[in-house]
Amino acid sequence: MSEEKSAAALLKEKLLIKKKSGTKRLSEEELKKADDFCVGYCDFLNSGKTEREAVRTAISIAEKNGFTEFDRTRNYSAGDKVYVNNRNKALMLCVIGKNGTKDGVRLGIAHIDSPRLDLKPNPLYESNELALFKTHYYGGIKKYQWTAVPLALHGVAVLKDGTVKDVYIGDDENDPCFVVTDLLPHLATEQMTQTMVKAFNGEHLNVLIGSRPFSNDEESENVKLNIMSILYQKYGFKEEDFMSADLTMVPAARARDVGFDRSMIGAYGHDDKVCAYPALMAAVDTKCPEQTVITVLTDREEIAYMVDFIADLAEADGTELRHVMEKTICLSADVNAAFDPTYASAYESNNSCYINYGAVITKYTGSGGKYSTSDASAEFMAKVRKILDDADVIWQTGELGKVDGGGGGTIAKFVANWNADVVDLGVPVLSMHAPFEVVSKIDVYETYRALYEFYSFV
Ligand code: MN
Ligand code: MN
């Protein structure tokens, strides 16, 4: 029997999209590369839970790979690698191209802040002989997910004289940890009938931090005093120093393989370190590109410092910022919501992204059709498709959930404001913004490959 294909099979091959999982497209060898890449990623996650820690970790990786601190007064040539540390909370990495900035730069931007519980400016209090911290959540969270899980305290307190006191406690298994308590089910009859928004509000997110008094005398607030005394001995700051601190409660768990087959990673802070790390490694592996390549690991979405940096490079190249920006192309590296079969009704299956199907391109973000949105042009989408397909990168497209089901913004709209071409590309995530989010190792690796190929595009 000959194996001749039917007319329908041939036409299908020619006209229809072939969706195929990365698990079927990658060879054993390539799968191993993806797994190995993710070992480094897990280290990055464990040592970079806050922006400050992520910046510190990224600088140490960059310096080991030939990056030096940018000096505005120096002349740089093709292949030189520099970085700019912006206030210890954001980092730019630049590989100077043979052609400099004249024809635009290749930009990759990812954010390194993640949802967490920030301590309020006046956090410490005692109630019924328990010491607690008041917190203010940062990022969109489902508050109940942050109760009854071990938390660690990370950050800095800065004294009036400018001395920076680092705090890092709760991650080591020998450290104590902290916790937001929750009401037992036996007494939660009323709570269980409430909507989630009412049952868990922001003022419930108080962190338990101690229960023993400083001494047996009858002074009030002795438990609080004892905590302050421990903090003063260990870190050298007083209660008033909380006012000038970036202190935050983050999940104490470390990144771990998920699944019997170890195909996925569960961790705190995938959004958006899962794009930041691939962008960082793409910068590290970019040798001597045609066009200058800039990778930005940013705190929040303010990117004025990036524009200033590009202006410096433009000036050195004898050109103008606006002329560089109009030719600049950018991948806004950010996550998308992976299709979750348990909550299938929240997704539109034809336009969702899937675990193991590679880096996801999100043509437009935001909500409401036009408001606070960003939309990549069809021309730019075509260019990105070609770059990825030519390099056999595994990728997919996705929308964030159903139309009018919600929505989320990324940095893309801020870049678009500077008249650069930009589209979102990143990793599909399950349980996004939970204390323990899940991604696929294949998708992390393909996102790295996508950024790397984009950076080399001439
Ligand atoms: Mn997010
Ligand atoms: Mn994000």
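Please read these numbers as outputs of a predicted model, since none were measured by experiment.

(A) Expanded view of the coordination of the manganese ion (ligand 1). Coordination sphere of the manganese ion (ligand 1), protein contribution only: Asp271 (OD) and His433 (NE2), at 2.0 to 2.2 Å. Taken as an interatomic distance, the gap from the manganese ion (ligand 1) to the manganese ion (ligand 2) is 3.3 Å; Asp271 donates to each of them. One end of the pair, Asp271, is in helix H8 (residues 270-285); the other, His433, is in the loop between strand S22 (428-429) and strand S23 (437-440), with 162 residues separating them in the sequence. Judged by relative accessible area, which is 4%, Asp271 ranks as buried. Residue His433 is classed as partly exposed on the basis of its relative accessible area of 22%.

(B) Main features of the pairing of strand S3 (residues 90-95). Counting buried positions along S3 yields six of six residues, so the element is predominantly enclosed. Burial along S3 is two-sided: the residues Ala90, Met92 and Cys94 and Leu91, Leu93 and Val95 are all buried. Here strand S2 (residues 81-86) pairs with S3 via six bridges, running antiparallel. Opposite Val82, over in S3, you have Cys94 as the bridge partner.

(C) Focus on the layout of surface pockets. Considering only enclosed or pocket space, the largest pocket measures out at about 1,200 Å³ in volume. Taken together, the elements giving at least two residues each to the lining of the largest pocket come down to strand S16 (336-337) and strand S18 (364-365). Broken down by class, the residue content of the lining of the largest pocket amounts to 16 nonpolar, 17 polar and nine charged. Roughly 670 Å³ of volume is contained in the second largest pocket. Around the second largest pocket sit 20 residues that line it, and Ile17, Lys18, Lys19, Trp395 and Gln396 are the ones nearest its centre. Broken down by secondary-structure element, the contributors of at least two residues to the lining of the second largest pocket are helix H11 (378-390) and strand S20 (395-397).

(D) Here's a closer look at the coordination of the manganese ion (ligand 2). Around the manganese ion (ligand 2), the protein supplies His111 (NE2), Asp271 (OD) and Asp334 (OD) as donor atoms, at distances of 2.2 to 2.3 Å. Mapped onto the sequence, the donors of the manganese ion (ligand 2) take the spacing H-x159-D-x62-D.

(E) Structural detail: the packing of aromatic side chains. The full count for this structure, using the stated rule, is 17 aromatic pairs. Taken together, a centroid distance of 5.3 Å and an interplanar angle of 40 degrees make the contact between Phe44 and Tyr277 tilted. Taken together, the positions of Phe44 in helix H3 (residues 28-47) and Tyr277 in helix H8 put the pair 233 residues apart, joining distant regions of the chain. For the pair Phe44 and Tyr277, one class covers both residues: buried. Between Tyr144 and Phe200, the aromatic rings sit 5.9 Å apart at their centres with planes inclined by 50 degrees, giving tilted as the arrangement. Separated by 56 residues along the polypeptide, Tyr144 in the loop between strand S6 (130-138) and strand S7 (151-158) and Phe200 in the loop between helix H6 (196-199) and strand S10 (207-210) bring together distant segments of the chain.

(F) Structural detail: the pattern of salt bridges. Counted under the stated rule, the structure contains 21 salt bridges. With a shortest N-O distance of 3.1 Å, Lys89 and Asp246 are connected by a salt bridge. Remark: Asp246 occurs in strand S11 (residues 245-251) and Lys89 occurs in the loop between S2 and S3; sequence separation between them is 157 residues. Looking at Lys89, the relative accessible area reads 23%, which means it is partly exposed. Among the salt bridges present, the one from Glu239 reaches Lys224, with a minimum N-O distance of 2.8 Å. Of the two residues, Glu239 sits in the loop between helix H7 (222-235) and S11 while Lys224 sits in helix H7, which places them 15 residues apart along the sequence. For Lys224, a relative accessible area of 14% corresponds to the buried category.

Criteria and cut-off values
- Residues numbered from 1 in each chain as written.
- Chains lettered and ligands numbered in written order.
- Predicted model: local features only at pLDDT ≥ 70, side-chain atom pairs only at ≥ 80, totals over all residues.
- Heavy atoms only, no water.
- Donors = N, O, S within 2.8 Å, 3.2 Å for Na, K, Ca; no water.
- Helix = DSSP H or I, 4+ residues; strand = E, 2+ residues; numbered from the N terminus.
- Buried < 20%, exposed > 50% of the residue type's maximum accessible area, 1.4 Å probe, protein only.
- Pairing = 2+ DSSP bridges.
- 1 Å grid on protein atoms, 1.4 Å probe; cavity = no way out; pocket = protein on both sides within 12 Å on 5 of 7 lines; lining within 4 Å.
- Points joined across faces, edges and corners; volume = space filled by probe spheres on them.
- Nonpolar A, V, L, I, M, F, W, Y, C, P; charged D, E, K, R; others polar.
- Phe/Tyr/Trp six-rings, centres within 6.5 Å; stacked < 30°, edge-to-face > 60°.
- Salt bridge = Lys/Arg side-chain N within 4 Å of Asp/Glu carboxyl O.

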